[in-house]
Amino acid sequence: MPVRRAPSILFLFIANSLLGLAALSDSAFAQAVEADVAVRVDDLQFLEVSVQSINDFVFKIEGEGAIFLINTSEGSVLVDTGTPYAQNEEQRRAIREHATGPIKKIIVTHFHGDHSGGLPKWKKEIDSGEIEFVGHHRYGYMSRIQDELTPFFLRRYHPLYPTRVSLDPNRPPAIHWKMEPTRPVFPGSDYEFELGGVKFVVIAPENGGEGEDGVLLWLPESKILFTGDLFGPLYPMFPNLYTIRGEKYRDPLDYIDALDLVLDLNPEVIAHTHFRVIEGRDYIQASVRTMRDAVQYMWDETVEGMNAGKTVWEMMRDIRLPKHLEVSQGHGKVSWSVRATHDIITGWYYYDTIANMYHVPPSAINGDLIELAGGADALAARARVYLSQGQSLEAIRLLDIAAGHETRAVLEARIQAVEKLISASKSGLANYSEIGLLEADLRASRALLSGTSAKQSTR
Ligand SMILES: [Zn+2]
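In this numbering scheme, every chain counts its residues from 1 along its sequence in written order. Reporting in this predicted model follows two pLDDT cut-offs: at least 70 for local features of residues, and 80 or more for side-chain atom pairs to be given and counted; totals over whole chains, interfaces and linings ignore these cut-offs and use all residues.

**Q** Teacher, can you tell me more about the packing of helix α14 (residues 392-400) against helix α15 (residues 408-427) here?
**A** Here an axis means a line fitted to C-alpha atoms, over the contact stretch when the element is a helix, while the angle between two N-to-C directions is reported on a 0 to 180 degree scale. Helix numbers and strand numbers start at the N terminus; a helix is a DSSP run of H or I with at least 4 residues, a strand a run of E with at least 2. α15 packs onto α14 with a crossing angle of 145 degrees between their chain directions and a minimal axis gap of 9 Å. For the pair α14 and α15, the sense of crossing is left-handed. For the pair α14 and α15, the contacting residues are Ser392, Ala395, Ile396 and Leu399 in the first and Val410, Ala413, Arg414, Ala417, Lys420 and Leu421 in the second. Residues were grouped as follows: Ala, Val, Leu, Ile, Met, Phe, Trp, Tyr, Cys and Pro as nonpolar; Asp, Glu, Lys and Arg as charged; and all remaining residues, including Gly, as polar. Taken together, the residues of the contact of α14 with α15 break down into 7 nonpolar, 1 polar and 2 charged. Crossing chirality is assigned from the near helix's rotation relative to the far helix, an anticlockwise turn below a right angle marking it left-handed and a clockwise turn marking it right-handed. Here the contact rule is simple: place C-beta atoms from the backbone, and any two residues whose C-beta atoms are within 7 Å are in contact.

**Q** What am I meant to see in unusual backbone geometry here?
**A** Trans is the common state for peptide bonds, and a negative phi is the common state for residues other than glycine. Here the bond from Tyr235 into Pro236 is cis, since omega is -10 degrees, no more than 30 degrees from zero. Looking at where Pro236 falls in the secondary structure, it is placed in the loop between β11 (224-228) and α8 (252-265). A positive phi is found at Asp80, a non-glycine position, where the angle reads about 70 degrees. Considering the arrangement of structural elements, one finds Asp80 in the loop between β4 (75-79) and α3 (87-98).

**Q** What am I meant to see in the nonpolar core here?
**A** As a rule of thumb, soluble globular proteins bury nonpolar side chains together. For this analysis, nonpolar core means a set of buried Ala, Val, Leu, Ile, Met, Phe, Trp, Tyr and Cys residues linked through C-beta atoms within 7 Å. Comment: burial labels come from other C-beta atoms within 10 Å of the residue's own C-beta, placed from the backbone, where a count of 20 or more is buried, 12 or fewer is exposed, and between is partly exposed. Counting 68 residues, the largest nonpolar core has Phe68 and Ile107 as the members making the most contacts within it. With 7 residues, the top contributor of residues to this core is helix α9 (residues 281-307). Setting aside its immediate chain neighbours within four residues, Phe68 contacts Val58, Phe59, Lys60, Leu78, Val79, Asp80, Phe226 and Ala271. In terms of nonpolar packing, the next biggest core, distinct from the first, is built from 19 residues, Leu398, Val410, Ala413 and Val418 among them.

**Q** How do you make sense of the confidence of the model for the protein chain when you look at a structure like this?
**A** Close reading of the predicted structure is inappropriate where its pLDDT is low. Confidence scores per residue from the predictor, reported as pLDDT, run from 0 to 100. Here the protein chain shows a mean pLDDT of 88. Residues at 70 or above account for 87%. Segment residues 1-32 is flagged for pLDDT under 50; beyond a separation of four residues in sequence, or across chains, it makes 33 contacts in the model. Low confidence marks residues 454-459, where pLDDT is under 50. Its contacts with residues over four positions away, or in another chain, come to 17 contacts.

**Q** Hey, could you run me through the packing of α9 against helix α11 (residues 334-346) in this one?
**A** Packed helices, taken two at a time, are described by the angle their axes make and the gap between the axes. Interaxial distance between α9 and α11 falls to 10 Å at its minimum, and their mutual angle equals 55 degrees. Relative to α11, the element α9 lies oblique. For the pair α9 and α11, the sense of crossing is right-handed. Where α9 abuts α11, its residues Met298, Trp299, Thr302 and Met306 lie against Val334, Ser337, Val338, Thr341 and His342. Split by residue class, the contact of α9 with α11 holds 5 nonpolar, 4 polar and no charged. Angle categories: roughly parallel below 35 degrees, roughly antiparallel above 145, roughly perpendicular from 65 to 115, and oblique for all the rest.

**Q** What should I look at first to understand α8 in this one?
**A** Given 3.6 residues to a turn, an α-helix orients residues that are three or four positions apart in the same direction. Taking 1.5 Å per residue as the helical rise, α8 with its 14 residues ought to reach 20 Å, and the 20 Å between its terminal C-alpha atoms agrees with that figure. For α8, the complete set of buried residues consists of Pro252, Tyr255, Ala258, Leu259 and Val262. Considered in projection along α8, the buried side chains sweep an arc of 115 degrees and stay on one side of the axis. On the buried face of α8, the contacting elements are β11, α9 and α11. Directly beyond the C-terminal end of α8, a positive phi value near 60 degrees is found at Asn266. One fewer than the residue count of a helix, multiplied by 1.5 Å, yields its expected span. By construction, the arc corresponds to the directions joining the helix axis to the C-beta atoms.

The structure is reproduced here in structure tokens:
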């Protein structure tokens, strides 16, 4: 079991969220930009199992990946299945305690392991036809990428989630990525059914949410919308249109369409997987509209910048949400979405240098640059000048040239630069992935510095 860190932070977050929910009005979104999101996203992996009732027949089985249980007089429906790890047994016990009949259908909102990971526990009933597994028709495709590239993704996840025991590279194959929905749902063709007098509508937007395979479940009578990770883990937040741990880009225009669909349904409750259930028709309309308009703003600015001949780097620097559209960037980040949008539209060739048409990377001449500079320590000295002027990013670019040739001075300058970036991020957008990667970089430099491999000089 992972050591449970800082439970009080999670408690404070929940308390703050509840207070915030009551206090928020249409014009008060600035207050919804909370500063401790990086810590809170990290807390997800330590969320304990508990059961919350949303009404008299819908329950949230809380956990790292929450499961929703919907009871009817003719059996029950699950939305998502939780993670594949030990906690899943506890969640299944809670399901058995609260389900009033047999599980008839399992709707998996998308392929991510915290939503699909518990599927194998139901495989026998799914294979026998006792339980229908409902998912987006792209579930199989998205899972296939995850499954075939498991070693690649694990290498990327480790720096981001260092405390996570669940990322053991020797774990058995993930069966949940090899299961296909027995009832696939296609965009433009909702899956409507009735069970025990309750109406269910499964909707498959095109590229909605965290992947191409996000589905929504709508209960039209009680006006509850189950959104999986359509909005990401926080609420309200700027969507994670590019997740830096590595996944396909998510299309901003398709995302806007998915949010318009939510606005049209006009839900009273959003049963959002992570952290909290969102309530209040007016609040939901206002917050979803703000998130939609923020993405639209980012899109419009990027298109304008591209047409005006701005580089992707200039747009990453310049495009900022206006005050009235500010939402949390603790998970998704505007500047990364700008670059994702640019790259979705135009791909990887930036018309900056013909060299990028070929296989020799910029780093191929780093050794020459070090030699011309008179050694890696000269780069460190220049990096210190940048640091003294508050230009940490230029310092990092210089120090990157010395990668593989680090001297003590290089490592010390790098640690200083990265510490500055971490404190700027923590007091700014507090983006979870950004801070995670910066901290991983810091750990690597410190390890090199404390080891015998830190050379005095490369020359
Ligand atoms: Zn999730």
